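Examining the three-dimensional arrangement
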Amino acid sequence: MRLRRAFLSPAAILMAITMVAPLAIVAVYSLLTRGAYGGVELPWTFENFRRMWDPVYGAILWRSIWIAAMATGICLMLGFPMAMFIARSGRRKNLYLSLVILPFWTSFLIRTYAWMFLLRDTGIVNSALVSLGLIREPLPLLYNDGAVILGLVYGFLPFMVLPLYATLERLDPSLLEAAADLGARPWDALFHVTLPLCAPGIRAGGILVFVPCLGTYLTSDLLGGSKTVLIGNVVQNQFTAARDWPFGAALSIALMALAMVLLFAARGRGEELL
Amino acid sequence: MPSEAVLELRRISKDFGTHRAVADVSLEIPRGAFFSLLGPSGCGKTTILRIVAGFETPTSGEVWLNGRRIDALPPYERNVNTVFQNYALFPHLSVRGNIEFGLRRKGPAAADLADRVRAVLQQVRLEGKASRRPSELSGGERQRVALARAIVLQPEVLLLDEPLSALDPQLRKQVRAELRDLQRRVGVTFLFVTHDQEEALSMSDRIAVMNAGSLEQVGTPREIYERPRTRFVANFVGAMNWIGGVGVRPEAVCIGPHGRRAVITGVAFLGTLCQIEASLEGGEAITALAPAGTTLEPGQSICVSWKSEDEVHFP
């Protein structure tokens, strides 16, 4: 028992320093007043939280939720067949799994830039289509909601595939035989046996994709342009250009609270959080 | 017993890569019979069951159900149902949900559904358990849910893949009688796969003994036991002494004043009987049975004999 505690303590200390302390600082800042040149000063105030009720932020938040939900939904629709394919590919499983994780070897920032090169007016896609004579003017592929969703799906798909794979791999194949035996056609069995039994994986994947998408700022900043401002960009802006740290901190706290509420609502019957 | 065949296998073979799991098996299963496929593990009996269910396609041969060829049909279009070895109950559904699963797809209109579920739950004595999850049931109860889920669809043939092997030995003997009784009551043809010869002998109308992918013998339990057609069947079903190339069952061996001389090498008390191990003059070993109260002891000289009609001969 003592040994176990000794093993855990480095992780516990690291968590305290890198997670609890910054969160505490953010919480304290959210209750302070904006400093003249950035930073924070006294007095204590709830003003930062009151300001959030401005409909502008409500609209941005709603849009952020919508884009995160779209990205999560598309990740599920793409990730489920992928995970099923990998789970049923026998000895090649490990190869396919490493291919899923392969993009992590390069920085997410670089990969997002790569999408800019692909999607911009003079990018590969548009130049190819123009030179083939299929279109005359370049398509507006970049700097819109679609580009942001594409970037998010691309970036977070592995977080959907891996938990889905883990549940599908454990699924007893005789249950699918039983379903067929009892008269269920393949699609019927998919919806009434496979999917319900994969609920924990779907939930885990959904949370792992939705929560980071909700707070994203990099993808929307690079691929979304000026029109697609998400709540993450507003927070980022408060700490940089706007120099309003307390308001940025208050928005972060509110976003976190929202994510917690959604997580709690999404948990399965009798299941723990995550 | 009615002799009309409800299920017919014609020259079925199945290869897995270079391994021939089933080799040219032809079988006729009479309607309403309790038919067992008996053999050691790996003999191909489960593969045959899976071919009938539709989970495997035969490499060659035909499967006919009720005068209709079914070997190319998917499992969900065959009027047969399976009781799986691990039962394969849906863990996310209640007992009722599991039973309704097939009824909603293969069965009658919804109005009839509740009655059918109630009736089958009564048949397998699970009336109070309809809303339980499989994880909340005992092994024996799960086995009965698996049975109920299948027989409620009134299949032409019910396929049972070692359904008793997951139960503890005490329960297994009791369930044998129950299963046999249930089969008689519902009148469904059972195709029962087992490696347990006692199970097959005590429950079946007919037994097909399999070895290494081939049929060794098909017959009633009595025929299989008393007139084994191959050396494999004689050895696999019950115990057999081999004396000079001739087989004699231990219970056919008499210990008495006349016959061949032997020396007792061991006496094992079995409860109702004693098993006597002895060594014949030529050095051959022989097993015989004696009443539980016998005074025979190791080292004692005895004479053993048997009637010639109890001998089994193989070429």
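Reading the values: rules and limits
- Residues numbered from 1 in each chain as written.
- Chains lettered and ligands numbered in written order.
- Predicted model: local features only at pLDDT ≥ 70, side-chain atom pairs only at ≥ 80, totals over all residues.
- Helix = DSSP H or I, 4+ residues; strand = E, 2+ residues; numbered from the N terminus.
- Buried ≥ 20, exposed ≤ 12 C-beta atoms within 10 Å, placed from the backbone.
- Contact = placed C-beta atoms within 7 Å.
- Expected span 1.5 Å × (residues − 1).
- Bend = angle between axes of the 7 residues up to and from the residue.
- Nonpolar A, V, L, I, M, F, W, Y, C, P; charged D, E, K, R; others polar.
- Core = buried A, V, L, I, M, F, W, Y, C linked by C-beta atoms within 7 Å.
- Pairing = 2+ DSSP bridges.
- Axes fitted to C-alpha atoms, helices over the stretch in contact; angles between N-to-C directions.
- Parallel < 35°, antiparallel > 145°, perpendicular 65-115°, else oblique.
- Left-handed = near helix turned anticlockwise from the far one by under 90°.
- pLDDT = per-residue confidence, 0-100.

1. Some words on the overall build of chain B
Within chain B one finds eight helices and 18 strands. A principal-axis box enclosing the C-alpha atoms of chain B has dimensions of 75 × 45 × 35 Å. Within the span of chain B, comprising 315 residues, buried residues form 39% of the whole. For chain B, the proportion of contacts with a sequence separation of at least 24, taken over those separated by at least 6, is 63%.

2. Comments concerning the overall build of chain A
For chain A, the count of helices and strands is 13 helices and two strands. Expressed as lengths along the three principal axes of its C-alpha atoms, the size of chain A is roughly 70 × 70 × 35 Å. Out of the 274 residues belonging to chain A, those deemed buried represent 29%. Relative to all contacts within chain A whose residues are 6 or more apart in sequence, the contacts with residues 24 or more apart total 70%.

3. Focus: helix 3 (residues 55–87) of chain A
Counting along an α-helix, one turn takes 3.6 residues, and residues three or four places apart therefore face a common direction. All names here are of chain A. Between the first and last C-alpha of helix 3 there are 46 Å, a value that for 33 residues agrees with the 48 Å anticipated at 1.5 Å per step. A bend of about 30° at Gly79 is the largest found in helix 3, and the proline Pro81 appears one to four places after it. Along helix 3, the positions that sit buried rather than exposed are Ser64, Ile67, Ala68, Ala71, Thr72, Cys75, Gly79, Phe80, Ala83 and Ile86. Buried residues in helix 3 make contact with helix 4 (93–101), helix 7 (145–170), helix 10 (199–214) and helix 12 (231–239).

4. Here we look at the interface of chain B and chain A
Between chain B and chain A, the contact holds 17 residues from the first and 14 residues from the second. Counting only elements with at least two residues in the side of chain B that touches chain A, the list comes to strand 6 (80–83) and helix 2 (95–106) of chain B. It is helix 2 of chain B that contributes the most residues to the side of chain B that touches chain A, four residues altogether. Its residues assigned to classes, the side of chain B that touches chain A shows nine nonpolar, five polar and three charged.

5. Things to note about the nonpolar core
By size, the foremost hydrophobic cluster in this structure holds 79 residues, and its most contacted members are Val52, Ala148, Leu158, Leu159, Leu191 and Val209 of chain B. Ignoring sequence-local partners within four residues, the contact set of Leu191 of chain B consists of Leu7, Ile29, Phe35, Leu37, Leu49, Val52, Val157 and Leu159 of chain B. Within the second largest apolar cluster, 44 residues are counted, among which are Val148, Leu150, Val234 and Phe247 of chain A.

6. Concerning the pairing of strand 6 of chain B
Residue and element names in this part refer to chain B. Across the two faces of strand 6 the burial is the same, with Val80 and Thr82 and Asn81 and Val83 all buried. Pairing of strand 6 with strand 7 (residues 157–161) involves four bridges; the strand directions are parallel. What sits directly across from Val80, in strand 7, is Val157.

7. Thoughts on the sheet that holds strand 1 (residues 5–16) of chain B
Strand-to-strand pairing in sheets goes through backbone hydrogen bonds, with the strands running parallel or antiparallel. Residue and element names in this part refer to chain B. Strand order in the open sheet formed by four strands is 2-1-4-5, and the pairing between neighbours is antiparallel. Of all the strands in the sheet, just strand 2 (19–30) and strand 5 (68–69) have a single pairing partner and so form its edges. Both strand 1 and strand 2 contribute to a ladder of eight bridges, which runs antiparallel. Bridge assignment links Ile12 to a residue of strand 2, and that residue is Val25. Contacting strand 1, strand 2 and strand 4 (60–65), helix 1 (residues 45–53) runs over the sheet at an angle of about 115° to strand 1.

8. Considering unusual backbone geometry
All names here are of chain B. Of note, Asp24 is a non-glycine position whose phi angle comes to about 50°, a positive value. By the element assignment, Asp24 lies in strand 2. The backbone of Glu162 shows a phi angle near 45°, a positive value even though the residue is not glycine. With respect to the helices, strands and loops of the structure, Glu162 is situated in the loop between strand 7 and helix 5 (169–186).

9. Quick look at the packing of helix 10 of chain A against helix 13 (residues 245–266) of chain A
Residues and elements named next belong to chain A. For the pair helix 10 and helix 13, interaxial distance at closest approach is 11 Å and the crossing angle is 165°. Classified by the interaxial angle, the pair formed by helix 10 and helix 13 is roughly antiparallel. For the element pair helix 10 and helix 13, the recorded crossing hand is right-handed. On helix 13, the residues touching Arg203, Gly206, Ile207, Val211 and Leu214 of helix 10 are Leu255, Ala259, Leu263 and Ala266. Split into classes, the residues belonging to the contact of helix 10 with helix 13 amount to seven nonpolar, one polar and one charged.

10. Brief notes about the packing of helix 2 of chain B against helix 4 (residues 139–151) of chain B
Residue and element names in this part refer to chain B. In the contact formed by helix 2 and helix 4, the axes pass within 8 Å of each other and the chain directions differ by 30°. Judged on the interaxial angle alone, helix 4 and helix 2 are roughly parallel. Where helix 2 crosses over helix 4, the handedness of that crossing is right-handed. Contacts between helix 2 and helix 4 involve Val95, Asn98, Ile99, Phe101 and Gly102 from the first element and Val145, Ala148 and Arg149 from the second. Across the contact of helix 2 with helix 4, the residue classes break down as five nonpolar, two polar and one charged.

11. As for the pairing of strand 3 (residues 34–38) of chain B
All names here are of chain B. Most of strand 3 sits out of view: five of its five residues are buried. As paired strands, strand 3 and strand 8 (residues 189–194) are joined by five bridges and run parallel to one another. Residue Ser36 lies in a different strand from strand 8, and its bridge partner there is Phe192.

12. Side note on the environment of Glu169 of chain A
Looking at the element boundaries, Glu169 of chain A is found in helix 7. A count of 14 C-beta atoms within 10 Å places Glu169 of chain A in the partly exposed class.

13. Considerations on the confidence of the model for chain B
The pLDDT averaged across chain B works out to 90; a share of 97% of its residues lies at or above 70. Interface confidence for the predicted complex, given as ipTM, is 0.86, next to a pTM of 0.81.

14. Points about the environment of Ser13 of chain B
Residues and elements named next belong to chain B. On the secondary structure map, Ser13 appears in strand 1. In this structure Ser13 comes out as partly exposed when scored by C-beta crowding, with 17 C-beta atoms within 10 Å. Between the C-alpha atom of Ser13 and that of Ala177, which follows or precedes it by 164 residues, the distance is 33 Å. Beyond its immediate chain neighbours, meaning those up to four positions away, Ser13 contacts Arg20, Val22, Ala23, Asp24, Pro58, Thr59, Ser60 and Gly61.

15. Some words on the sheet that holds strand 14 (residues 260–269) of chain B
All names here are of chain B. Strand order in the open sheet made by the five strands is 13-17-14-15-16, with antiparallel pairing throughout. Looking at which strands have only one partner, the edges of the open sheet turn out to be strand 13 (254–256) and strand 16 (285–291). Shown here is a sheet whose adjacent strand axes are inclined to one another by a mean of 50°, direction ignored. As defined by bridge partners, strand 14 adjoins strand 15 (residues 273–280) across seven bridges and the pair is classed as antiparallel. Bridging across to strand 15, Ala268 finds its partner in Gln275.

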